[in-house]
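Structural features, examined
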Amino acid sequence: MLEFLHPGRLWLLLLVVAVLGFYLIVSQRVQSGSRRRGKTRLDLVVPRDSPLKRHISVGASLLAMASLVLAYAQPQAVSPVPRERATVVITIDISRSMRAEDVSPSRIQAAQTAAKEFVDMVPASFNVALVTFSGTAQIAAAPTTDRTAVKSAIDAIELEPATAIGEAIYTSLDALQLAPPDPENPDEPAPGAIILLSDGYTNIGRDSGEAARAAKEQDVPIYAIAYGTAGGYVYEEGVRVPVPVNHAELAQIAKNSGGKKYSAESLGDLRGVYQTIASSIGYDEELVEVTDRFALYALILSVLAGCGVISLAARWP
């Protein structure tokens, strides 16, 4: 959708309509006259021009005129604009179900690999934090631009029992408050986002849906990644225990927070999800002027119309 700084100038499009009407009237008269006269001796010397070439040339000229009118009205469109700063919290489930090997070499090892790659995808000016959770949640790395520190914290992950997704979200919101202020705008908080990767169900702690609503109140979207397959399992004291992914809970978290839910069943899937999220959080959608775009359209159409005219004129000796 387009908006215009000077919408009143769009009335000039009536000139394009008027020229089109004039062309149709003239073309109709020329056709009628040609049918009445039939072929003349001049036609044997200089063949008549191609109607198709003429229509294309006139059509391109009219479209060029319309593009110039739109450019004159100074159009605006929503476009992605790179963010200068933001804080991203990577929140990783470290419950024992992450030992499952349905994702090669295991859920946790693949998650660590992809998370470290994601850290390098995030714009250098962004602060990145790491929160890990099992039965409790902790800030493993406070918000920082030091990528090495965050990746070291990812490497140091150790698995623990239980899953407290709600606590993980609240702790992630706390981590966002630790982001260093912008020296130029100390009172203006940077945009924040939480990337929550989990394979399980909340079985301890506060409700994850309520936590997600709290995130929305703070304008912090949660990008929830349902990680693993339906056939995943681990062994607990020699007993095979199924650990399927809880898509429903993670989808509700994303919905309640105003974020988005993704699924990943392999390291490749997870890499793709992280790339998509990196592109999303790295940009804001803003209304920007696109006058140059329509000026370019007008130039291209003018060249096309000019080529058509030259082609028509080339039939003359």
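As annotated in an unreviewed UniProt entry, the protein chain is VWA domain-containing protein from Brooklawnia propionicigenes.

Moving on to the overall build of the protein chain. What the protein chain contains, in helices and strands, is 10 helices and 11 strands. Looking at the protein chain as a whole, 42% of its 317 residues are labelled buried. Just so you have it, the protein chain exposes about 17200 Å², and 58% of that area is on carbon and sulfur atoms.

Now for the environment of Pro-123. You can see Pro-123 is positioned in the loop between helix H4 (107–121) and strand E4 (127–133). For Pro-123, a relative accessible area of 26% corresponds to the partly exposed category. Taking the C-alpha atoms as reference, Pro-123 lies 9.0 Å from Ala-86; in sequence the two are 37 residues apart. Leaving out residues up to four positions away in the same chain, Pro-123 has contacts with Arg-147 and Gly-282.

It is worth spelling out the packing of aromatic side chains at this point. One pass over the structure, following the stated rule, counts three aromatic pairs. Ring geometry for Tyr-233 versus Tyr-235: centroids 5.8 Å apart, planes at 90 degrees, classification edge-to-face. A relative accessible area of 34% places Tyr-233 in the partly exposed class. Since its relative accessible area comes to 46%, Tyr-235 is described here as partly exposed. It is Arg-9 that lies over the ring of Tyr-72; its NZ or CZ is 4.2 Å from the centre. Cation over ring: Arg-206 sits above Tyr-170, and NZ or CZ is 4.0 Å from the ring centre.

The next point concerns H4. Between the first and last C-alpha of H4 there are 21 Å, a value that for 15 residues agrees with the 21 Å anticipated at 1.5 Å per step. Within the span of H4, buried status applies to Arg-107, Ile-108, Ala-110, Ala-111, Gln-112, Ala-114, Ala-115, Phe-118 and Val-119.

The strand order E5-E4-E3-E6-E7-E10 describes an open sheet built from six strands, whose pairing is mixed. Only two strands of the sheet have a single neighbouring strand rather than two, namely strand E5 (137–144) and strand E10 (260–264). With strand direction ignored, the average angle separating the axes of adjacent strands in the sheet is 15 degrees. Relative to strand E7 (residues 222–227), strand E6 (residues 192–198) runs parallel, the two sharing five bridges.

What follows is about the pattern of salt bridges. Tallying each qualifying case throughout the model produces eight salt bridges. Here Glu-236 and Arg-99 are joined by a salt bridge, their closest N and O atoms 2.8 Å apart. Here Arg-99 lies in the loop between strand E3 (87–93) and H4 and Glu-236 lies in strand E8 (residues 233–236), a separation of 137 residues in the sequence. Residue class for Glu-236 comes out partly exposed when judged on its relative accessible area of 31%. One salt bridge connects Glu-167 with Arg-206, and the closest N-O pair in it is separated by 2.9 Å.

For the rest of this paragraph, the subject is the side chain of Glu-249. Its place among the elements puts Glu-249 in helix H8 (residues 247–257). In this structure, Glu-249 is buried with no salt-bridge partner, the nearest side chain bearing the opposite charge being Arg-213 at 11 Å. Look past the residues within four positions of Glu-249 in its chain and what remains in contact with it is Ile-165, Gly-200, Tyr-201, Thr-202 and Ser-208.

Turning our attention to the nonpolar core. In terms of nonpolar packing, the biggest core is built from 38 residues, with Phe-118, Leu-197, Ile-225, Tyr-227, Leu-270, Tyr-274 and Ile-277 touching the most fellow members. Listed by contribution, the elements that provide at least two residues to this core are E3, H4, E4, helix H5 (147–155), E6, E7, E10 and helix H9 (267–281). Setting aside anything within four residues of it in sequence, one finds Tyr-274 in contact with Ile-90, Ala-114, Ala-115, Phe-118, Met-121, Ile-195, Leu-197 and Ile-225.

Attention shifts here to the pairing of E8. Here four bridges tie E8 to strand E9 (residues 239–242), and the two strands are oriented antiparallel to one another. Among the inter-strand pairings, Val-234 is bridged to a residue of E9, identified as Val-241. The antiparallel pairing of E8 with E9 creates a hairpin that spans two residues between the two strands, and Glu-237 there sits at a positive phi of about 55 degrees.

Cut-off values and rules
Residues numbered from 1 in each chain as written. Predicted model: local features only at pLDDT ≥ 70, side-chain atom pairs only at ≥ 80, totals over all residues. Heavy atoms only, no water. Helix = DSSP H or I, 4+ residues; strand = E, 2+ residues; numbered from the N terminus. Buried < 20%, exposed > 50% of the residue type's maximum accessible area, 1.4 Å probe, protein only. Areas by Shrake-Rupley, 256 points an atom, 1.4 Å probe, with all protein chains shown as cover. Contact = heavy atoms within 4.5 Å. Phe/Tyr/Trp six-rings, centres within 6.5 Å; stacked < 30°, edge-to-face > 60°. Lys NZ or Arg CZ within 6 Å of the ring centre and 35° of its normal. Expected span 1.5 Å × (residues − 1). Pairing = 2+ DSSP bridges. Axes fitted to C-alpha atoms, helices over the stretch in contact; angles between N-to-C directions. Salt bridge = Lys/Arg side-chain N within 4 Å of Asp/Glu carboxyl O. Lys, Arg positive; Asp, Glu negative; His and termini not counted. Core = buried A, V, L, I, M, F, W, Y, C linked by side-chain atoms within 4.5 Å.

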